[in-house]
Amino acid sequence: MEFTAKQIAEFVQGRVEGNENTAVHTFAKIEEGIPGAISFLSNPKYTHYLYDTKSDIVLINEDLVLEKPVTPTLIRVNNAYEAVAKLLQLYESIKPKKSGIDPLAYISKSAKIGKECYIGAFAYIGENAEIGDGCAIYPHAYIGDGVKMGENCTINPNTTIYQGCKLGNNIIIHAGSVIGADGFGFAPNAEGYDKIPQIGIVIIEDNVEIGANTCIDRSTMGATILHKGVKLDNLVQIAHNNEIGENTVMSAQVGIAGSTKVGSWCMFGGQVGIAGHITIGDKVFLGAQSGVPSSLKSNQSLIGTPPMEPTPYFKSQAIFRRLPDMYKQINELKKEIEKLKESK
C-alpha cells in the first residue's frame, strides 16, 4: 500500500517541502534509506545522513535548518519521533491479523473464548480461563486455570501465565515471559529452607506492554500489581508483592526486590537494582546501573549507588579515577611531614 507525502502530512499534521505527490510504501532508517521508503530525523547526530539518504520522504523537526539542498521530499512536524511513531502504529494496524482457533490448540471445555480471537497451534487454555474479544494467543503459549484476560491482548509464543492471574485490555506480552511464577520466599531452618507458599496472584491493568523473557512473580498474599500504561523491556524482574505505578517504564535487566512500591511516571535505565520493602515516589528517573537501597522521594533524577544527583555523581566519578594518584601523593606528603618532624 502506498501513501503520498500529502496524505502523510495530513495524518501527522505536518507541512510538505518538495513534491507532495511523492509516494512511499515502506520504512527505512535514514542512514539505510532506499527508494520508495520514508525515514525520519530527530537526533541531530544523524543530520548529515539527510543530504545523502536514498529515501524518498523524510520526516524532520520544524526547526531544523538545512545547510544545503536535499533530494528527498521533506515533511516538517513539531516532533519527528512522535510523528513516525503514529505512522508505524497506522502501518501496524492495517497489517492482516490472524484469526481462528488452530485444531492443534488445547482449550478446556470450561474456558470462555471471546469473539474474533486467534489461538495458535499447541497453545494451552486452562480450566475456567476467560479470554476477551479480539485476543491473539500465539503457539505454545500457556494460559493457566482461572486466568482472566480482557480484550485485544496479544500473548506471544512460549509465554506462560500461571493460574488465577488477571489481565486487563490491550496488553502485549512478548515471547518467553512468565507471569505469576512463585515469588522467592523461603524461611531458613536448621536443615535448610522451608518454602513459603505463594498464594497470591498478578494483576496487570490496561495498556501494559511486557518485553521478552521478563518475569513477574505472584504475591505471597494479595497481588503483585502493574498499573495501567506500564512498559517493561526485556529481561526485567518484578518480584512478589511489588506495585508498579501508572505509565512507569523500565529498560532491560532492571530488578526490583519484593514488597516495593514504585510510583507513577518513573523511568529506570538498564540494570537498575532496587531493594525490597521500600517506596519510590512519582517521576523518579534513575540512570543505568543505579542501585537503590532505600526509599526515594518524588520528582528526582538520580544515578549511581547509592543514587545521587547527576552533577555531583559525575564529579565524584572524576575524583574516583584520580584516587590512585591522590593516594600516592598523600603518601609522599606523609613522608615529607615525617622528615620535617625529624629535622626539628
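Our structure is the block above this text.
These lines cover the structure that appears in this document, whether it is placed above or below. (Residues numbered from 1 in each chain as written. Predicted model: local features only at pLDDT ≥ 70, side-chain atom pairs only at ≥ 80, totals over all residues. Heavy atoms only, no water.)

1. A short note on the sheet that holds strand S6 (residues 57-61)
Here's step 1: Strand order in the open sheet formed by five strands is S2-S7-S6-S5-S4, with mixed pairing between adjacent strands. Sheet topology places strand S2 (15-17) and strand S4 (26-27) at the edges, where each strand pairs with a single neighbour.
Here's step 2: Sheet analysis places S2 next to strand S7 (residues 73-77), joined by three bridges and oriented antiparallel. When the sheet's bridge partners are listed, Val16 is paired in S7 with Ile75. (Pairing = 2+ DSSP bridges. Helix = DSSP H or I, 4+ residues; strand = E, 2+ residues; numbered from the N terminus.)

2. Side note on the packing of helix H1 (residues 5-12) against helix H2 (residues 80-93)
Here's step 1: Packing of H1 against H2 brings their axes to within 10 Å, and their N-to-C directions diverge by 110°. Judged by the inter-axis angle, H1 sits roughly perpendicular to H2. Across from Ile8, Phe11 and Val12 in H1, the residues of H2 making contact are Ala83, Lys86, Leu87 and Leu90.
Here's step 2: Residue composition of the contact of H1 with H2, by class: six nonpolar, no polar and one charged. (Axes fitted to C-alpha atoms, helices over the stretch in contact; angles between N-to-C directions. Parallel < 35°, antiparallel > 145°, perpendicular 65-115°, else oblique. Contact = heavy atoms within 4.5 Å. Nonpolar A, V, L, I, M, F, W, Y, C, P; charged D, E, K, R; others polar.)

3. Concerning the pairing of strand S22 (residues 186-189)
Here's step 1: Note: S22 against strand S23 (residues 192-195), four bridges, orientation antiparallel. Each bridged residue has a counterpart across the sheet, and for Pro188 the counterpart in S23 is Tyr193.
Here's step 2: Taking the residues that link successive antiparallel strands as the turn, the S22-S23 hairpin has two residues.

4. Focus on the packing of aromatic side chains
Here's step 1: Enumeration according to the criterion identifies eight aromatic pairs in this entry.
Here's step 2: Plain terms: the ring middles of Phe27 and Tyr91 are 5.5 Å apart, the flat faces sit at 75° to each other, and that makes the pair edge-to-face. Highlighted residues: Phe27 in strand S4 and Tyr91 in helix H2, separated in sequence by 64 residues.
Here's step 3: Summarising the aromatic geometry, the rings of Tyr106 and Tyr124 are spaced 5.1 Å apart at their centres and angled 20° between planes, so their arrangement reads as stacked. Of this pair, Tyr106 sits in strand S9 (residues 106-107) while Tyr124 sits in strand S12 (residues 124-125), placing them 18 residues apart in sequence.
Here's step 4: With relative accessibility at 45%, the residue Tyr106 sits in the partly exposed group. (Phe/Tyr/Trp six-rings, centres within 6.5 Å; stacked < 30°, edge-to-face > 60°. Buried < 20%, exposed > 50% of the residue type's maximum accessible area, 1.4 Å probe, protein only.)

5. Focus: the sheet that holds strand S18 (residues 160-161)
Consider a sheet: its strands pair through backbone hydrogen bonds, and that pairing is either parallel or antiparallel.
Here's step 1: Across the sheet, which stays open at both edges, the 10 strands sit in the order S9-S12-S15-S18-S21-S26-S29-S32-S35-S38 with parallel pairing between neighbours. With partners counted over all chains shown, the strands left at the sheet margins are S9 and strand S38 (291-292), one partner each.
Here's step 2: Pairing geometry for strand S26 (residues 215-217) and strand S29 (residues 237-238), over two bridges, is parallel. When the bridges of S29 are listed, Ile216 appears paired with Ile238.

6. Focus on a nonpolar patch on the surface
Here's step 1: Together, Met1, Tyr91 and Ile94 make up an exposed nonpolar region whose accessible area comes to about 340 Å².
Here's step 2: On the secondary structure map, Ile94 appears in the loop between H2 and strand S8 (100-101).
Here's step 3: Among the residues examined, Ile94 registers a relative accessible area of 41% and is labelled partly exposed. (Patch = residues over 30% accessible without salt bridge, like charges linked within 9 Å, V, L, I, M, F, W, Y side chains within 5 Å. Areas by Shrake-Rupley, 256 points an atom, 1.4 Å probe, with all protein chains shown as cover. Salt bridge = Lys/Arg side-chain N within 4 Å of Asp/Glu carboxyl O.)

7. A closer look at the side chain of His227
Here's step 1: Within the fold, His227 resides in the loop between strand S27 (223-226) and strand S28 (231-232).
Here's step 2: The exposure class assigned to His227 is buried, which follows from its relative accessible area of 17%.
Here's step 3: Looking at His227, its side chain comes within polar contact range of the side chain of Glu205, at 3.1 Å.
Here's step 4: Not counting the four nearest positions on each side in its chain, His227 is found in contact with Glu205, Val208, Glu243, Ile244, Gly245 and Glu246. (Polar contact = N/O pair within 3.5 Å; in protein donor to acceptor, adjacent residues only side chain to side chain.)

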